[in-house]
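Structural description and commentary
Each chain, letter by letter, is given below.
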Number of protein chains: 2
Amino acid sequence: MVRAHVSASVNTPHADFLVDLGHPLLNRVVDGFVKVGGVGALHAASQDTYLFLLQEETNKKSLEKTVQRMGKEAVQWGLVAGVYTGMTYGMQEARGVHDWKNALLGGALTGAALSLTEPNPRSDRVVRGAITGGAIATAAEFLRSLT
Amino acid sequence: MVRAHVSASVNTPHADFLVDLGHPLLNRVVDGFVKVGGVGALHAASQDTYLFLLQEETNKKSLEKTVQRMGKEAVQWGLVAGVYTGMTYGMQEARGVHDWKNALLGGALTGAALSLTEPNPRSDRVVRGAITGGAIATAAEFLRSLT
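A quick note: this is a predicted structure, and the numbers were derived from the prediction, not measured. (Residues numbered from 1 in each chain as written. Chains lettered and ligands numbered in written order. Predicted model: local features only at pLDDT ≥ 70, side-chain atom pairs only at ≥ 80, totals over all residues. Heavy atoms only, no water.)

1. So, the domain arrangement of chain A
Residue and element names in this part refer to chain A. We apply this condition: As used throughout, domain bounds are those supplied by an automatic or database domain assignment. For this analysis, residues touch if any pair of their heavy atoms sits within 4.5 Å. Summed over both partners, the accessible area lost on bringing two parts together, with a 1.4 Å probe, is the buried area. What counts as a salt bridge is simple: a side-chain nitrogen of Lys or Arg found within 4 Å of a carboxyl oxygen of Asp or Glu.
What the domain assignment reports for chain A is domain 1 (23–84) and domain 2 (99–147). For domain 1 versus domain 2, the distance between C-alpha centres works out to 20 Å. Residue-level contacts link five residues of domain 1 with nine residues of domain 2. Approximately 560 Å² of surface area, both sides summed, lies buried where domain 1 meets domain 2, with 74% of it carried by carbon and sulfur atoms. Where domain 1 meets domain 2, there are zero salt bridges.

2. Brief notes about a nonpolar patch on the surface
For clarity, the cut-off: Candidates for patches are residues over 30% relative accessible area with no salt bridge; among them, like charges are joined within 9 Å and nonpolar side chains (Val, Leu, Ile, Met, Phe, Trp, Tyr) within 5 Å. Accessible surface area values rest on a Shrake-Rupley calculation with a 1.4 Å probe, where residue burial reflects the displayed protein chains alone. By the criteria applied, helices consist of DSSP H or I runs no shorter than four residues and strands consist of E runs no shorter than two, each listed in order from the N terminus.
A cluster of nonpolar side chains, contributed by Leu18, Val19, Leu21, Leu26, Phe33, Val34 and Val75 of chain A, occupies part of the molecular surface with about 600 Å² of accessible area. Within the element layout of this structure, Val34 of chain A appears in helix H1 (residues 24–54).

3. Examining the packing of aromatic side chains
Any pair of aromatic rings gets described here by the distance separating the centres and the angle formed by the planes. Just so we agree on the cut-off: Within 6.5 Å between ring centres, the rings of Phe, Tyr and Trp (the latter by its six-membered ring) count as paired, and their orientation is classed by plane angle as stacked under 30 degrees, edge-to-face over 60, tilted in between. Two conditions define a charge sitting above a ring: the NZ of Lys or the CZ of Arg must be within 6 Å of the ring centre, and it must be within 35 degrees of the ring normal.
Counted according to the given criterion, the structure contains zero aromatic pairs over all chains. A cation over a ring is seen here: Lys35 of chain B above Phe142 of chain A, with NZ or CZ 6.0 Å from the ring centre.

4. Concerning the environment of Glu73 of chain A
Residues and elements named next belong to chain A. This is how the line gets drawn: Each residue gets one of three labels from its accessible area relative to the maximum for its type: buried under 20%, exposed over 50%, partly exposed in between, using a 1.4 Å probe on protein chains only.
Positionally, Glu73 belongs in helix H2 (residues 60–95). Here Glu73 falls in the buried class, since its relative accessible area comes to 17%. Along the backbone, Glu73 and Gly38 are 35 residues apart, and their C-alpha atoms lie at a distance of 9.0 Å.

5. Considerations on the packing of H2 of chain A against helix H3 (residues 100–116) of chain A
Residue and element names in this part refer to chain A. The condition that has to hold: Comment: axis = line fitted to C-alpha atoms, over the contacting stretch for helices; angle = value between 0 and 180 degrees taken between N-to-C directions. Handedness of a crossing follows from how the near helix is turned relative to the far one, being left-handed for an anticlockwise turn of less than a right angle and right-handed for a clockwise one. Residue type decides the class: Asp, Glu, Lys and Arg count as charged, Ala, Val, Leu, Ile, Met, Phe, Trp, Tyr, Cys and Pro as nonpolar, and the leftover types, Gly among them, as polar.
Axis separation between H2 and H3 bottoms out at 9 Å; the angle between their running directions is 145 degrees. In this structure, H2 crosses over H3, and the sense of that crossing is right-handed. The segment H2 lies against H3, with Gln76, Leu79, Val80, Val83, Tyr84, Met87, Thr88, Met91, Gln92 and Arg95 engaging Lys101, Asn102, Ala103, Leu105, Gly106, Gly107, Leu109, Thr110, Ala113 and Leu114. A per-class count over the contact of H2 with H3 returns 11 nonpolar, seven polar and two charged.

6. A few points about the pattern of salt bridges
Residue and element names in this part refer to chain A. As enumerated under the stated definition, the model contains eight salt bridges over all chains in all. A salt bridge links Asp48 to Arg69; the nearest nitrogen and oxygen atoms lie 2.6 Å apart. On the criterion of sequence distance, the pair formed by Asp48 in helix H1 and Arg69 in helix H2 is long-range, its members being 21 residues apart. Asp48 gets classed as buried once you look at its relative accessible area, which sits at 4%.

Now the structure itself:
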């Protein structure tokens, strides 16, 4: 079976930054933090809105809890986005390519960083977070190359 | 402040399919299932290997459990990849564009599908799985557009 591949890729990222801080790495980190943090806040709000629909009563306390959870999830999701974007962008600049190895290492460091935000960070949880983060990022990179 | 944007994108996906089934959608779904399923199996293996390093003894039973978990995670991760790739690719073909709306809907359906594989699927868990799946996919799509 003879197979020939012609594959060309010219990709100028369509990145429209919210704030221009003068450096591409900084722009990406801040942009990832803000955008993905917003998604995290919307996620917490949607989850709690759905719970309110199931419950009988919604009082002031439960609404306050939702706002707290929105803030917490926004920071956590934003942190993940900022660390991951910063790491993969730095590696991309240093190595000259963007492939699953960047994703694996970036995801592992992001997973470790996220584990450290837990109330009681234990070393085994940080390692397991790093393994899971690396695996998720590698899987996402494979999916990205398919679509 | 004057800002000008010139943005060009020519992107031929570098997709090297494992098995050619004659249809791009089918190729993508099978390829996503196999590749990401492999990442899932490696994830289970790495997690358990790390646990073995912490434990004192490793016997036949714990190794058998690891193999079982590898199979289960491979199917789950592969399912996520297959459903997500199929959905987003179908929407991309139908709408002509690939943006965060495709990711949101694809992620929501993937999250719902993954919730149905749980031992006792309850309707509220399926809805919450859909919300979380959509949020994660949207966040990943934002990150993808940054790097």
